[in-house]
Amino acid sequence: MTDKPQHTPGPWLVENKTVYALNVSDTNRFSALIQGGFINQSRDGGFERTSEGELLANARHIVHCVNNHDALIEALLDAKAQITYLQSKFQKTGTGEATISRISAALSAAKGE
């Protein structure tokens, strides 16, 4: 059995439509160009391309998500622990269980489980 490959460590950076990360020598470790596709068919029968603004926003969004992923996981784990603790001290209302269920689902999705 092989270990699951790990993603390139952060922080990730963005410049225009290029998402990249640097190695310890501050040289490019990886880069990805965010490219457009076709978003829908235009009135003249051709296809409308993804706008430059949307591509730039997508590149920024990818970097934002990657760079904040680990902190969000930690915050969710802490929140889950706090809710579980409070449930052990007080009468259960059902709200905590629903919240823990949503947190658990979000954690599983974020971890790719």
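All of the points below concern the structure found in this document. Computed from a prediction, not measured in an experiment: that's the story for all the values here. (Residues numbered from 1 in each chain as written. Predicted model: local features only at pLDDT ≥ 70, side-chain atom pairs only at ≥ 80, totals over all residues. Heavy atoms only, no water.)

The description of an aromatic ring pair rests on the distance of the ring centres and on the angle between the ring planes. A complete count under the given rule lists 2 aromatic pairs for this structure. Where Trp-12 meets Phe-30, the ring centres are 4.8 Å apart and the plane angle is 55°; that geometry is what we call tilted. A residue pair is termed long-range when its members are at least 10 positions apart, and Trp-12 in strand β1 (residues 12–15) and Phe-30 in strand β3 (residues 28–33) qualify at 18 residues. On the basis of relative accessibility, which here comes to 13%, the residue Trp-12 falls in the buried class. (Phe/Tyr/Trp six-rings, centres within 6.5 Å; stacked < 30°, edge-to-face > 60°. Helix = DSSP H or I, 4+ residues; strand = E, 2+ residues; numbered from the N terminus. Buried < 20%, exposed > 50% of the residue type's maximum accessible area, 1.4 Å probe, protein only.)

We now examine the sheet that holds strand β2 (residues 18–22). As summarised here, the arrangement of the 3 strands in space is β1-β2-β3, forming an open sheet in which the pairing is antiparallel. The open sheet has two edge strands, β1 and β3, and neither has a second partner. Within the sheet, the average angular offset between the axes of one strand and its neighbour, ignoring direction, is 25°. Across the face of the sheet, helix α1 (residues 52–89) comes into contact with β1 and β2 while running at roughly 165° to β1. (Pairing = 2+ DSSP bridges. Axes fitted to C-alpha atoms, helices over the stretch in contact; angles between N-to-C directions. Contact = heavy atoms within 4.5 Å.)

Along the chain, the position of Glu-74 falls in helix α1. Relative accessible area serves as the criterion here: at 53%, Glu-74 is assigned to the exposed category. Remark: the alpha-carbon pair of Glu-74 and Ile-103, spanning 29 residues in sequence, is separated by 11 Å.

Just geometry here; none of it tells us what the structure is for.
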